[in-house]
Amino acid sequence: VQLQASGGGLVQAGGSLRLSCAASGSIFTISNMGWYRWAPGKQRELVADISSRGRTNYADSVRGRFTISRDNAKNTVYLQMNGLKPEDTAVYYCNADILDVSRRFMNGWGQGTQVTVSS
């Protein structure tokens, strides 16, 4: 099972980006999916996560600006980021709790995608 993230880039403050992360392989089901970020000199931070039923959770720092969603048919999670600020600059990683077809559980990580917000 693999997680492939995409959508990062360079944007000016106030701009928008949309991240995507698709899970592929021998997947039976995916429960929780989420996005974390890691900036130099800071601890890894949970940005947002979403349950299989669509219940969402956001970090206070992004609530009202970011929106997490998922397409269960495509095993994909999205992060729409609006009103970006320089402090949002980080490497963003997707994460998912996956049960494979052999009913083995794994917590998977994508490869990380850089988001840079210029002031």
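Quick notes on the pattern of salt bridges
Counting across every chain of the model gives five salt bridges. When the shortest N-O distance is used, the salt bridge between Asp88 and Arg37 registers 2.9 Å. With a gap of 51 residues between them, Asp88 in the loop between strand E8 (76-81) and strand E9 (90-100) and Arg37 in strand E4 (residues 27-38) connect regions that are remote in the sequence. Side by side, Asp88 and Arg37 carry an identical accessibility label, which is buried. By sharing partners, the salt bridges in this structure join Arg37, Glu45, Arg65 and Asp88 into a single network.

Some details on the sheet that holds strand E7 (residues 66-71)
Within the open sheet, the four strands sit side by side as E1-E3-E8-E7. Their pairing is antiparallel. Sheet topology places strand E1 (2-6) and E7 at the edges, where each strand pairs with a single neighbour. Averaged over all pairs of adjacent strands, the angle between strand axes in this sheet comes to 15°, irrespective of strand direction. One ladder, built from five bridges, connects E1 with strand E3 (residues 17-24); its direction is antiparallel. Bridged to Gln2 within E3 is Ser24.

Conventions and cut-offs
- Residues numbered from 1 in each chain as written.
- Predicted model: local features only at pLDDT ≥ 70, side-chain atom pairs only at ≥ 80, totals over all residues.
- Heavy atoms only, no water.
- Salt bridge = Lys/Arg side-chain N within 4 Å of Asp/Glu carboxyl O.
- Helix = DSSP H or I, 4+ residues; strand = E, 2+ residues; numbered from the N terminus.
- Buried < 20%, exposed > 50% of the residue type's maximum accessible area, 1.4 Å probe, protein only.
- Pairing = 2+ DSSP bridges.
- Axes fitted to C-alpha atoms, helices over the stretch in contact; angles between N-to-C directions.

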